[in-house]
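Commentary on secondary and tertiary structure
Chain by chain, the residues run as shown.
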Amino acid sequence: MTEIAARPTWDEYFMELARVAATRSTCPRAQVGAVLARDHRVLTTGYNGAPSGCSHCTDVGCIMVDGHCKRAVHAEANTIVQAALHGVNVRGATAYCTHQPCDACSKLLISAGVERIVFEHAYPDAVAVELLREAGVALEEFSR
């Protein structure tokens, strides 16, 4: 008889989905994925890559300014864009991110009504942390 693997917690399940989304990344600098979920349901997913209709970093290279790729849209921002394009309300959602959101993505998540962010890899950004704290958005490092 085949042994069944331990059933993942909801945080483990959604973080695994964020890792899978990251595999779609088209920026070679980092593969980042994000999932917005609420009530144990996926609302949207996103990964970092060029805007629709634009060339991918993997095809034409990154546009680098001050050590950051300006061609790629961040995964968290793409989850918000997908929600807007498809009329999905994300208020009250949890964001599962392979990397801790930067200040710009944190502002988008706050403004979209996300209440909790779970991340796997730290990306130290004191401004993001302060804005999330001020807005009352929970920021939690993922642990198994």
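Data block above holds the structure.
Now for a look at the structure at hand. Source: prediction; values computed, not measured.

Close approach of charged atoms allows side chains with opposite charge to pair. Throughout the structure, instances matching the rule amount to five salt bridges. The closest approach of N and O atoms between Asp11 and Arg116, which form a salt bridge, is 2.7 Å. Here Arg116 lies in strand S6 (residues 116-121) and Asp11 lies in helix H1 (residues 10-22), a separation of 105 residues in the sequence. Arg133 is paired through a salt bridge with Glu130; the nearest N and O atoms lie 2.5 Å apart. Residue Arg133 and its partner Glu130 are located together in helix H5 (residues 126-135), separated by three residues, close to a single helical turn. On the accessibility criterion, Glu130 (35% relative accessible area) is partly exposed.

Turning next to the pairing of strand S7 (residues 138-141). Bridging between S6 and S7 involves four bridges; their strand directions are parallel. Residue pairing across strands places Phe119 opposite Glu141, the latter belonging to S7. Read from S6 through H5 to S7, the crossover connection turns out right-handed.

The next thing to look at is the pairing of strand S1 (residues 33-38). The buried fraction of S1 amounts to five of the six residues, a majority that puts the element mostly inside the structure. Direction of pairing for S1 relative to strand S2 (residues 41-47): antiparallel, over a ladder of six bridges. Its bridge partner lying in S2, Leu36 is registered against Thr44. What sits between the antiparallel neighbours S1 and S2 is a turn of two residues, in which Asp39 has the positive phi angle 55 degrees.

Turning to its location among the elements, Pro124 is positioned in the loop between S6 and H5. On the basis of relative accessible area, Pro124 is assigned to the exposed category, the value being 78%. Once the C-alpha coordinates of Pro124 and Pro101 are considered, the two residues, 23 residues apart in sequence, prove to be 9.0 Å apart.

The next thing to look at is the sheet that holds S7. Taking strand neighbours across the sheet as the criterion, the five strands line up as S2-S1-S5-S6-S7 in an open arrangement whose pairing is mixed. The open sheet terminates on both sides in strands that have one partner only, identified here as S2 and S7. Within this sheet the neighbouring strands show an average axis-to-axis angle of 20 degrees, counted without direction. Here helix H3 (residues 75-86) sits on the sheet in contact with S1, S2 and strand S5 (94-99), set at roughly 125 degrees to S2.

Bringing the side chain of Thr79 into the picture now. Positionally, Thr79 belongs in helix H3. For Thr79, a relative accessible area of 0% corresponds to the buried category. Excluding its chain neighbours within four sequence positions, the residues that come into contact with Thr79 are Ala34, Val35, Leu36, Thr44, Thr45 and Gly46.

Cut-offs applied
- Residues numbered from 1 in each chain as written.
- Predicted model: local features only at pLDDT ≥ 70, side-chain atom pairs only at ≥ 80, totals over all residues.
- Heavy atoms only, no water.
- Salt bridge = Lys/Arg side-chain N within 4 Å of Asp/Glu carboxyl O.
- Helix = DSSP H or I, 4+ residues; strand = E, 2+ residues; numbered from the N terminus.
- Buried < 20%, exposed > 50% of the residue type's maximum accessible area, 1.4 Å probe, protein only.
- Pairing = 2+ DSSP bridges.
- Right-handed = clockwise from strand over helix to strand, strands pointing away.
- Axes fitted to C-alpha atoms, helices over the stretch in contact; angles between N-to-C directions.
- Contact = heavy atoms within 4.5 Å.

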